[in-house]
Each structure stands twice: as structure tokens, then as C-alpha cells.
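Each chain, letter by letter, is given below.
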Amino acid sequence: MRAFSENDRHVDADLAALGDSMRFLLDVTPMNASQVRARWVAGDHCEPDFAYRELSTDPDVLKAGLARIDVNTVDDPTLRSLLAAKHRELTQQAEMMRARNTSDFLPLAIEHYGAVTPALRDIARQVMDEVPLPEASGDPVSAEDFLVLAQAEIDWYHRQDPDVVMHAEIREDVSGVMVSHDTLLVPSGIPCTADRANALLQHEVGTHLVTQVNGSAQQITCLGRGLAGCDETQEGLAVLGEVASGQFTRARLRQLAGRVLVVDAMTHGTPFDECWQQLVSRGTKRGSAFTTVMRVFRGGGLTKDACYLRGLVDLLSHIKHGGRLDLMFRGKFALRDLGLVEQLERDGRLAPPRLEAHWLAMPDAPERLARAATTPLAQIVA
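All of the points below concern the structure found in this document. (Residues numbered from 1 in each chain as written. Predicted model: local features only at pLDDT ≥ 70, side-chain atom pairs only at ≥ 80, totals over all residues. Heavy atoms only, no water.)

On to the overall build of the chain, then. Secondary structure assignment for the chain yields 18 helices and three strands. Computed over the C-alpha atoms, the radius of gyration of the chain is 20 Å, within 12% of the 21 Å expected from 2.2 N^0.38 for a compact globule of 382 residues. By principal-axis analysis of the C-alpha atoms, the chain measures approximately 60 × 50 × 40 Å. Taking all 382 residues of the chain together, the buried fraction comes to 53%. Summed over its atoms, the accessible surface of the chain is roughly 16,200 Å², and 50% of this surface lies on carbon and sulfur atoms. Charge separation in the chain, taken as the distance between the mean sites of 40 positive and 53 negative side-chain charges, equals 2 Å. (Helix = DSSP H or I, 4+ residues; strand = E, 2+ residues; numbered from the N terminus. Rg over C-alpha atoms; globule rule 2.2 N^0.38 Å. Buried < 20%, exposed > 50% of the residue type's maximum accessible area, 1.4 Å probe, protein only. Areas by Shrake-Rupley, 256 points an atom, 1.4 Å probe, with all protein chains shown as cover. Lys, Arg positive; Asp, Glu negative; His and termini not counted. Charge placed at Lys NZ, Arg CZ, Asp CG, Glu CD.)

Now the structure itself:
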């Protein structure tokens, strides 16, 4: 593998270290979401009063650190382009943390994650109109049982590489299953049923943790942490993992479409209670509707949740037109930067992946993915 210059590696490492100093999603997610949800479902529809953690990093300290990093000194032109975009993204995130829970947050979130285009809104509406309401949910899975399943999934990867660092733990301060660096965080009140457990594991472990491990094996440290704009492609890829697992349900597809519609409504000024009522009127359960709306309104208005459906649609189009998925597991990057990553591969700058995603190795996965790429979105559910 061709090495980058010492200066190039230094700039990359400095940016990655600053990114590591932030807990962006944790810092913009309410700590008391479960308690507020319980009151809301019980009938208390006062404007939610969300409580947030103390910021893990002072935004001014972060911006001062970024000011000391000159990405224009990077010698390799492909890497320079990727790191310049990452520098801009970290600057945006620092501003978002400074503006957390204020009216300044939403415009920054739209700049960072984008808003809902008319085309995406039409797709979401079509899903909600054409996909029937799901039947009763399956048996719930406890946090302890899910942790056992997660550890078994992690063990599957340890058989590929015993030195891989992955963890899973139950947490009281998160409202949904999520990955933070090399750890799967499982909420004590996990909202998961048996018919969705494997899909959730392929989403979080088989995509987010696998790309973290493979990216961390690269000489570009930011590939493990996440290059600019990677969220949309990461979430789309993770949803593809759910499709490949055979557990992509009607409820899940409607959930992703509902998130898009709530993001769209929120950015156009619709208040929390009206967004919730709109979801409930479309058949979403009261508690699930609250969680969806909370995710969109957190921090002051986070448009990230439109990324799941948008990322899925873009990747299905990518597959349909003969695009490859293998490089998508070399690290965390945006589909729009695939050409740059392919250039790094041609230049001999990339290491081979340490892990193969479990969901790509499943017997029926290729057929499921090919079918999904050529089937109307409303018909790809299991």
C-alpha cells in the first residue's frame, strides 16, 4: 500500500482527533426522552421540555483547533479534497453545538443534512398511502436478550478477525439503539420486537460497526470516523442491510417515510403536537409517533432523519445501474465521494477490508438486493 506523506497523515489525524472529541448525536439527543414520552402518551401534550447533557466539547475550543489545521497543505489532491470537506463539516457541527436548543439550530441542520426535496416528499407520501398498516407487532425483546443477540453477532465478526474491537452495552441515557465509536449502545427500554432484531443488528453492527472497523484499518483515520456527508450513505447502506436480512417490514418502511414527512413539516413551521397528530392520523402508534417527532425536533430541529429514506433510494438506484457495494465497506464516506475513494484504490492508497458484512454473506441477500433495486419502493418489504 502506498503511504501518504507524513504531513498528510498528520492533518488527517488532527481532524479525526477533533471529531472524536465530539459526541454530536448524544449531545443533541434528550436525556429525558423516555420520561417525556410516557407523559405524552398518557395525555399530557404540553410542549415537551427536553433536557440535554453538558456539551462534551466547548464549541469555541473545537473551532480554535480547526483554525490551526491547514488542509491546503495536504499533498495528495484526492485526500486534500476529502479532508477539506471534513474540515467544513466539523466547523458546521461546532456551530450546531453552539446553537443547540435555540432557533439558530435548524438553519444549520438544514445546511448540514439538507431539507426534504419535493421528489423525496412524494416518495414518502406514496409509501404512507400504498403500504398497508402493519399487523400487530411481534413479541418484544428485552435489553438483556438483545444484548445476548448483539454479542453473538459480534462473535461472528471475531471469528473473521479475533483482534477486532467491538463492544455492546446497555445504557440508561439513550432512547434508541445506536453506535458510538466502537460500541453498540442498547437502551434499557429498547423498542424492538423479535421480528426486527436481526435487521437492527445488521443495521448497527453489520454496517455502522463494520465500516468503523474497516475504516480504522485505513491509513486515512477519518475513513473510520466518518468523512463529510457520510451519514446519508451510512444510513442508506444500513437500511440495505435490513433488506438483505429479510426483516425489512412494512412498519419499518412506513417509519422511514414518516420521518421524512415530519422533517418536511417541521422545516415548514409545523409545531410538535401537530406533527405528532399527523402521524397518528396515518395509523402510527402514539408512542412510536412521539419518538419519531422527538428525533426530528431534538436539539432545535434535526433534519438528519430524512437521510434514511433518501440514502436508501440513492443506493438502490446505484445498484440498479450496476454500481458496486464492496468499496462502501472500506470506511464511512458519502456516495457522492465514491469516485474519490475509487481513485484512492487505483492509487494503491487503500488497505483491504478486515471484515465482510454478515448481511452481504447471507444466502438470499444478492437476490433480495437485486429485487429491491428493480421493484417499486412500496413493494420491497418482507
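Once the structure has been displayed, the description carries forward.
Once that is clear, we can look at the packing of aromatic side chains. Within a pair of aromatic rings, the relevant descriptors are the distance that separates the centres and the angle that separates the planes. Counting across every chain of the model gives nine aromatic pairs. Consider the rings of W40 and F272, whose centres lie 5.1 Å apart with planes at 65°: the pair is edge-to-face. One end of the pair, W40, is in helix α3 (residues 33-41); the other, F272, is in helix α13 (residues 272-281), with 232 residues separating them in the sequence. Owing to a relative accessible area of 1%, W40 belongs among the buried residues under this scheme. Taking the centre distance of 5.8 Å and the plane angle of 45° together, the rings of W40 and F290 count as tilted. With W40 in helix α3 and F290 in helix α14 (residues 286-297), this residue pair connects regions lying 250 residues apart in the sequence. Within the aromatic cluster, the residues linked to one another by ring pairs are W40, F50, F272, W276, F290 and F297. (Phe/Tyr/Trp six-rings, centres within 6.5 Å; stacked < 30°, edge-to-face > 60°.)

Within the fold, Q35 resides in helix α3. For Q35, a relative accessible area of 44% gives the class partly exposed. For Q35 and P48, which are 13 residues apart along the polypeptide, the C-alpha to C-alpha distance reads 10 Å.

In spatial order, the strands read β1-β3-β2; together these three strands make up an open sheet with mixed pairing. The sheet terminates laterally at β1 (167-171) and β2 (178-180), the two strands that pair on one side only. Pairs of neighbouring strands in the sheet enclose a mean axial angle of 35°, with direction left out of account. The pairing of β2 with strand β3 (residues 183-187) spans three bridges and is antiparallel. Among the inter-strand pairings, S180 is bridged to a residue of β3, identified as T183. Helix-sheet contacts for helix α8 (residues 143-160) involve β1 and β3, and the interaxial angle to β1 is about 170°. (Pairing = 2+ DSSP bridges. Axes fitted to C-alpha atoms, helices over the stretch in contact; angles between N-to-C directions. Contact = heavy atoms within 4.5 Å.)

Turning to helix α16 (residues 338-346), its buried residues are L338, V341 and L344. An end-on view of α16 places all buried positions within 115° of arc, on one side of the element. Tucked inside the fold, the buried residues of α16 contact α5 (77-98) and α15 (307-320). After α16 finishes, the residue G348 shows a positive phi value of roughly 75°. (Arc of directions from axis to C-beta.)

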